[in-house]
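Tertiary structure, described
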Amino acid sequence: MPYPALNVAFDGLNQKGMQGYWKANFLRELNDGAIGAHATFGSTVTSVNTSVHVYPIDGAVSRVGVQDTAFANRDMKFSPVIATQWVDPADNDANIAWARNYAEALAPHSERGGYINFMDSEDQQRVSENYGPNWVRLVQIKGKYDPGNLFHVNQNIKPA
């Protein structure tokens with residue numbers, strides 16, 4: 001599939017003006033506590049547009065060295081993503097609280113960090129956790145190629 005086609009594949013699910021709030025973690029295993037959190041929060045979902053994905057991290061990803069790319073968490077087994085979406089801004093508080101509480105329930109069973117593309121803006125302090133031993137090198141690279149921090153509308157690595 002061409003990348004531009006993949007990039008718009010889910011546009012039909014997200015109407016204009018949709019609200020959203022995301023949280024992400026890493027798990028070494030789907031233990032009873034993590035499964036219990038998923039069961040509890042799955043039965044109390046606040047919006048029909050909300051989804052939770054539990055992506056496996058296995059196969060080829062573990063055959064690349066931790067410092068060969070930016071992604072360092074090659075020893076994790078799962079990446080749960082809480083993708084909360086809803087239509088009415090009046091429902092912001094309820095949906096955000098639900099996602100935060102869900103993430104807090106998963107936290108005791110999770111490792112540091114979470115998949116970077118699935119984190120919300122308030123997770124900026126977790127960016128270094130996501131890159132682990134690659135963080136210092138990435139800060140140096142950012143300082144060399146983007147010293148003015150032009151590319152900052154993301155989970156930002158601030159240049160050194």
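Just above sits the structure.
What comes next is a walk through the structure. Being a predicted model, the structure only gives us computed values, none of them experimental.

**Considerations on the sheet that holds strand E2 (residues 51–56)**
Spatial ordering of the open sheet is given by E1-E3-E2, a layout of 3 strands whose pairing is antiparallel. Each of the sheet's edge strands pairs with one partner strand only, and the pair in question is strand E1 (19–24) and E2. When strand polarity is set aside, the average angle formed by the axes of neighbouring strands in this sheet is 15°. Pairing of E1 with strand E3 (residues 78–86), which is carried by 6 bridges, proceeds in the antiparallel orientation. Opposite Lys 23, over in E3, you have Ile 82 as the bridge partner. Sheet strands touched by helix H3 (residues 92–106): E1, E2 and E3. Its angle to E3, the strand with the most contacts, is close to 170°.

**What to know about helix H2 (residues 32–42)**
For H2, the complete set of buried residues consists of Ala 34, Ala 37, His 38 and Phe 41. Considered in projection along H2, the buried side chains sweep an arc of 95° and stay on one side of the axis. Seen from the buried face of H2, the exposed residues on the opposite side, beyond 90 degrees, are Asp 32 and Ala 39. The inward-facing, buried residues of H2 abut E2, E3 and H3.

Reading the values: rules and limits
- Residues numbered from 1 in each chain as written.
- Predicted model: local features only at pLDDT ≥ 70, side-chain atom pairs only at ≥ 80, totals over all residues.
- Heavy atoms only, no water.
- Pairing = 2+ DSSP bridges.
- Helix = DSSP H or I, 4+ residues; strand = E, 2+ residues; numbered from the N terminus.
- Axes fitted to C-alpha atoms, helices over the stretch in contact; angles between N-to-C directions.
- Contact = heavy atoms within 4.5 Å.
- Buried < 20%, exposed > 50% of the residue type's maximum accessible area, 1.4 Å probe, protein only.
- Arc of directions from axis to C-beta.

In short, geometric facts, not functional conclusions.
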